[in-house]
Structure formats: C-alpha cells, structure tokens
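Given next are the chains, with one letter for each unit.
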Amino acid sequence: MDCIFCKIASGEIPSKKIYEDEKILAFYDIEPQAPVHFLVIPKEHIDGADRIDESNSAIVAHVFQKIAEITYELGITQGYRIVSNVGKDGGQSVRHLHFHVLAGRELAWPPG
Ligand code: AMP
C-alpha cells in the first residue's frame, strides 16, 4: 500500500522520532503549526478515526496514554491540544490514522 505513514512507521521514510514501541510511533510534523507539533500514529494501517471499531479501538487508549507520558517528558506544563482530522471536511491529508499534538502557545478555539 502506498501510504506515507506506513513507510514512516517501517523506517523506509525517515522521521524525527520522539517515541516508538511495537504498536505506535511519535514523530515531529514537518510543517509545524505550533512551537511543539508532533504526530502519533499506530504502526498498523487504519485509514482514520472513522475506521475505529471493536477490533482496533485499544490502540486509541494506548496512543492517549503515551501522549500523556510524552508531553510530560517534553516538559509541556501549560496544556496542549490533541487533534485527529477525518476525511475531506475534517482536513485529513494523510489517510492513515494520526493524532496531532500541538503545544507551546495558546491555541484558538473554535478552529477555522
Ligand atoms: P492531516 O492533514 O491531518 O492528515 O495531517 C497530516 C500531517 O502530516 C500534516 O500536518 C503534515 O505536515 C504531516 N506530514 C506529512 N508528511 C510528513 C512527513 N514526511 N513527516 C512528518 N510529517 C509529515
């Protein structure tokens, strides 16, 4: 499958890794939208949050648990935002489930 995040997960395409285990990878976004902007992906290909079901939902809990640990390790104390864009209207450009973690400045709400 021609999926850029699958290639990043396998190491075929390099990334600036923050955290990795057998199930997930966290790496910095190449086009940061905040002073700290990284992505967390499952290594298993899942198209997006709209494809979470009973068989694969455990990965979401794992991702959120690791985000709490990673942000603590990075010294992020003023809060952050977790975003998962879905489909065209959600602005998803890479069709492999990923969670953006944005921090380091006060973020606007609602998003544009
Ligand atoms: P989305 O638009 O929500 O699908 O997010 C995809 C994100 O992946 C964007 O923020 C891109 O900047 C980021 N991205 C695309 N290619 C790479 C890459 N090779 N390394 C790191 N981040 C990437």
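The structure this text deals with has already been given above.
First, a word on what this report is: a plain description of the structure on this page. It should be emphasised that the depicted structure is a prediction, and the values quoted were computed from it without experimental measurement. (Residues numbered from 1 in each chain as written. Predicted model: local features only at pLDDT ≥ 70, side-chain atom pairs only at ≥ 80, totals over all residues. Heavy atoms only, no water.)

### Things to note about the site of the ligand
Then step 1. Taken together, 16 residues lie around the ligand, and Asp29, Asn85, Ser93, His98 and His100 are the ones closest in.
Then step 2. Between the ligand and Ile30, the relevant distance is 3.2 Å, taken from a nitrogen atom to a main-chain nitrogen or oxygen of the residue.
Then step 3. In the environment of the ligand, an oxygen atom lies 2.8 Å from a nitrogen or oxygen atom belonging to the side chain of His100.
Then step 4. Here the shell around the ligand gets 3 residues from one element, more than from any other, and that element is helix 1 (residues 4–10). (Near = heavy atom within 4 Å. Polar contact = N/O pair within 3.5 Å; in protein donor to acceptor, adjacent residues only side chain to side chain. Helix = DSSP H or I, 4+ residues; strand = E, 2+ residues; numbered from the N terminus.)

### Observations regarding the side chain of His37
Then step 1. Inspection of the secondary structure puts His37 in strand 3 (residues 36–42).
Then step 2. A polar atom in the side chain of His37 sits 2.9 Å from the side chain of His100.

### Examining the packing of aromatic side chains
Given two aromatic rings, their pairing is described by the distance between the two centres and the angle made by the two planes.
Then step 1. Within the structure shown, the criterion is met by 3 aromatic pairs.
Then step 2. Ring centres 5.5 Å apart and planes at 80° place the aromatic pair Phe64 and Phe99 in the edge-to-face group. Here Phe64 is found in helix 2 (residues 58–73), whereas its partner Phe99 is found in strand 5 (residues 99–103), with 35 residues between them in sequence.
Then step 3. Accessibility expressed as a relative area gives 38% for Phe64, which makes it partly exposed.
Then step 4. The exposure class of Phe99 is buried, given its relative accessible area of 6%.
Then step 5. The residue whose ring lies beneath Lys16 is Tyr28, and the NZ or CZ to ring-centre distance is 5.1 Å. (Phe/Tyr/Trp six-rings, centres within 6.5 Å; stacked < 30°, edge-to-face > 60°. Buried < 20%, exposed > 50% of the residue type's maximum accessible area, 1.4 Å probe, protein only. Lys NZ or Arg CZ within 6 Å of the ring centre and 35° of its normal.)

### What to know about unusual backbone geometry
Then step 1. The step from Trp109 to Pro110 runs through a cis peptide bond, and the omega angle for that step is 0°.
Then step 2. Turning to its location among the elements, Pro110 is positioned in the segment after strand 5.

Read these as layout, nothing more, since geometry by itself doesn't imply function.
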